[in-house]
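# Structure at a glance
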Amino acid sequence: MIGITEAQLLGWLNPLLWPFLRCLALLSAMPLFSQRAVPLQVRIGLAMFFALAAQASLPAMPVLPLDAPPLLLMLVLQQLVIGIAMGFAVRLVFAAMEFAGELIGLQMGLNFAGFFDPATGMQGTATARFLGTLVSFLFVVTGGHLLLVQALAQSFHAFPVGPEPFAFVRAAQPQTWGAEIFRAGFWVALPLLALLLFVNLALGVVSRVAPQLNIFAIGFPLTVSVGLVGLLATLPLMQTPLEAVMTRLLSGFA
């Protein structure tokens, strides 16, 4: 009869449990996998696959007894905090692109064409929804998911499994990451904002030179047309700010 001792069981369980919990928290917080369209079974399967595949690159995990509930609770809380913070970092990148779309839509005059976004429970514009969808494709095409997996594996070296769940919060200061929304959003929207500002200045001069022209009749289609052309011209450049913001945010986990 083959017997399995508690020490053997803990030796098999501990190296898989903590990466599994941290990856599951990440998948439950990041934009693409946290949607209702992704079943919970898929997230659990991906977290288990990461826990198994990353064993060669992960440091040795502490073997803890199962009869220490306070310590186990602290360790579980640590994995949840780090995983949710990584998902929050990815969500900030998507929010920055959507913020840029809101600014562009405001200058183009498309904010009146708002619609209800069930993912956020707020009103959204066409340009914000377009850039949000675009960044979802760019995240996969540019290898953002691979960068995220690498950062997740490196986080076990930078923040190993330990009894202090909030040591990561003190070291990384995730509450300051919200400024990236405005920094990256203005970075993406600034060329189009400058272009549309020039168009509005030109329309102001035309209205003063030829007051008989109905500036509202020609201004709105001209602004929308120029904004759409400018948006089309800046699409090939979207990869640069996306990679820069993603690298800057995830560097705190390495």
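Our subject is the structure listed above.
Everything quoted here is computed from the prediction, not taken from an experiment. (Residues numbered from 1 in each chain as written. Predicted model: local features only at pLDDT ≥ 70, side-chain atom pairs only at ≥ 80, totals over all residues. Heavy atoms only, no water.)

The number of helices and strands found in the protein chain is 9 helices and 2 strands. In the protein chain, the order of α-helices and β-strands from amino to carboxyl end is α-α-α-β-β-α-α-α-α-α-α. Looking at the protein chain residue by residue over its 254 residues, the buried ones come to 40%. Looking at the protein chain alone, contacts between residues at least 24 apart form 80% of all its contacts between residues at least 6 apart. By element, 73% of the accessible surface of the protein chain is carried by carbon and sulfur atoms, the whole surface being about 13800 Å². (Helix = DSSP H or I, 4+ residues; strand = E, 2+ residues; numbered from the N terminus. Buried < 20%, exposed > 50% of the residue type's maximum accessible area, 1.4 Å probe, protein only. Contact = heavy atoms within 4.5 Å. Areas by Shrake-Rupley, 256 points an atom, 1.4 Å probe, with all protein chains shown as cover.)

Mapped onto the fold, Ala-128 is located in helix α4 (residues 126-141). Using a relative accessible area of 6% as the deciding quantity, one classes Ala-128 as buried. For the pair Ala-128 and Phe-99, spaced 29 residues apart in sequence, the C-alpha separation works out to 6.8 Å. The residues contacting Ala-128, other than those within four sequence positions of it, are Glu-98, Gly-101 and Glu-102.

In this structure, Trp-18, Met-86, Leu-148, Phe-168, Trp-177, Leu-250 and Phe-253 are the most contacted members of the largest nonpolar core, which totals 63 residues. Looking at this core element by element, the count peaks at 17 residues for helix α3 (residues 69-108). (Core = buried A, V, L, I, M, F, W, Y, C linked by side-chain atoms within 4.5 Å.)

Here a ring pair, both rings aromatic, is described through the centre-centre distance and the interplanar angle of the planes. With the rule as written, the count across this model stands at 5 aromatic pairs. When the ring of Phe-159 is compared with that of Phe-168, the centres are 5.0 Å apart and the planes differ by 90°; the resulting orientation is edge-to-face. Take Phe-159: its relative accessible area is 13%, and that puts it in the buried class. The rings of Phe-99, Phe-182 and Phe-186 are connected pair by pair, giving a single aromatic cluster. The ring of Phe-156 has Arg-22 sitting right over it, with the charged end atom 3.9 Å from the ring centre. (Phe/Tyr/Trp six-rings, centres within 6.5 Å; stacked < 30°, edge-to-face > 60°. Lys NZ or Arg CZ within 6 Å of the ring centre and 35° of its normal.)

Summed over all chains, the structure comprises 2 salt bridges. Of the charged contacts, one joins Arg-183 and Glu-180 as a salt bridge, the two residues approaching to 2.6 Å between their closest N and O atoms. Within this pair, Arg-183 and its partner Glu-180 are both found in helix α7 (residues 179-209), separated by 3 residues, close to a single helical turn. Given a relative accessible area of 47%, Arg-183 falls into the partly exposed group. Looking at Glu-180, the relative accessible area reads 8%, which means it is buried. Residues Glu-180 and Arg-248 are paired through a salt bridge, measuring 2.9 Å at the closest nitrogen-oxygen approach. Placement of Glu-180 in helix α7 and of Arg-248 in helix α9 (residues 239-250) is noted, with a sequence separation of 68 residues between them. Exposure remark for Arg-248: the relative accessible area of 37% places this residue in the partly exposed category. In the salt-bridge network here, residues are joined through shared partners; they are Glu-180, Arg-183 and Arg-248. (Salt bridge = Lys/Arg side-chain N within 4 Å of Asp/Glu carboxyl O.)

The next thing to look at is the environment of Thr-125. One can find Thr-125 in the loop between β2 (122-124) and α4. Relative accessible area serves as the criterion here: at 4%, Thr-125 is assigned to the buried category. Considered as a pair, Thr-125 and Leu-110 are 15 residues apart in the sequence and their alpha carbons are 7.0 Å apart.

Attention now goes to the packing of α3 against helix α8 (residues 215-234). The interhelical angle for the contact between α3 and α8, taken along N-to-C directions, is 150°, at an axis separation of 9 Å. The angle between α3 and α8 places the two elements in the roughly antiparallel class. Of the residues in α8, those in contact with Ile-104, Gln-107 and Met-108 of α3 are Phe-220, Thr-223, Val-224, Gly-227, Leu-228 and Leu-231. (Axes fitted to C-alpha atoms, helices over the stretch in contact; angles between N-to-C directions. Parallel < 35°, antiparallel > 145°, perpendicular 65-115°, else oblique.)

The contact between α7 and α9 brings their axes to 10 Å, and the two run at 165°. Classified by the angle between their axes, α7 and α9 sit roughly antiparallel to one another. For α7 against α9, the interelement crossing comes out right-handed. Taking contact as the criterion, the partners of Glu-180, Arg-183, Ala-184, Trp-187 and Val-188 in α7 are, on α9, Thr-240, Pro-241, Ala-244, Val-245, Arg-248 and Leu-249. Partitioning the contact of α7 with α9 into residue classes produces 7 nonpolar, 1 polar and 3 charged. (Left-handed = near helix turned anticlockwise from the far one by under 90°. Nonpolar A, V, L, I, M, F, W, Y, C, P; charged D, E, K, R; others polar.)

Everything listed is a geometric property; what it means functionally is a separate question.
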